[in-house]
Amino acid sequence: MQHLVELAAPLTTGEGLKNWILIVVGNLFMAFLAIRALGHFIKKEWGEMVTLAVAAVFVGAIVWAPLVVKDFLTAVWDKVAGTA
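Residues numbered from 1 in each chain as written. Predicted model: local features only at pLDDT ≥ 70, side-chain atom pairs only at ≥ 80, totals over all residues. Heavy atoms only, no water.

Caption draft 1: Structural context of the packing of helix α2 (residues 14–43) against helix α3 (residues 46–64). Axis separation between α2 and α3 bottoms out at 9 Å; the angle between their running directions is 170 degrees. Relative to α3, the element α2 is oriented roughly antiparallel. Contacts from Leu22, Gly26, Asn27, Phe29, Met30, Leu33, Arg36, Ala37, His40 and Phe41 in α2 reach Trp46, Glu48, Met49, Leu52, Ala56, Val59, Gly60, Val63 and Trp64 in α3. Residue composition of the contact of α2 with α3, grouped by class: 13 nonpolar, four polar and two charged. (Axes fitted to C-alpha atoms, helices over the stretch in contact; angles between N-to-C directions. Helix = DSSP H or I, 4+ residues; strand = E, 2+ residues; numbered from the N terminus. Parallel < 35°, antiparallel > 145°, perpendicular 65-115°, else oblique. Contact = heavy atoms within 4.5 Å. Nonpolar A, V, L, I, M, F, W, Y, C, P; charged D, E, K, R; others polar.)

Next comes the structure, spelled out in structure tokens:
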């Protein structure tokens, strides 16, 4: 019982829970994408495999570095909108 309390202690704020969910769901999603990419590789569907890899890199960046992606997309939008 004591181990359960120790594990749940960092999850008292929403930030820890959010990070935990992002890591678990992100890793499961990336595993799903890897399995799909392997299927495309076996079927020799090269275009779909490359497209899936590019999407996986973008999704991985959003899951594992959301603040960096937010700052990057904000900077790109500022340049496009002319406010930078």
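Caption draft 2: Here's a closer look at the environment of Arg36. With respect to the helices and strands, the residue Arg36 is situated in helix α2. Take Arg36: its relative accessible area is 42%, and that puts it in the partly exposed class. Remark: the alpha-carbon pair of Arg36 and Leu52, spanning 16 residues in sequence, is separated by 8.2 Å. (Buried < 20%, exposed > 50% of the residue type's maximum accessible area, 1.4 Å probe, protein only.)

Caption draft 3: Here's a closer look at the packing of aromatic side chains. Summed over the entire model, instances satisfying the criterion amount to two aromatic pairs. Between Phe41 and Trp46, the aromatic rings sit 5.5 Å apart at their centres with planes inclined by 70 degrees, giving edge-to-face as the arrangement. When its relative accessible area of 44% is taken as the criterion, Phe41 is described as partly exposed. Residue class for Trp46 comes out partly exposed when judged on its relative accessible area of 43%. (Phe/Tyr/Trp six-rings, centres within 6.5 Å; stacked < 30°, edge-to-face > 60°.)

The values reported here are purely geometric and, on their own, carry no functional implication.
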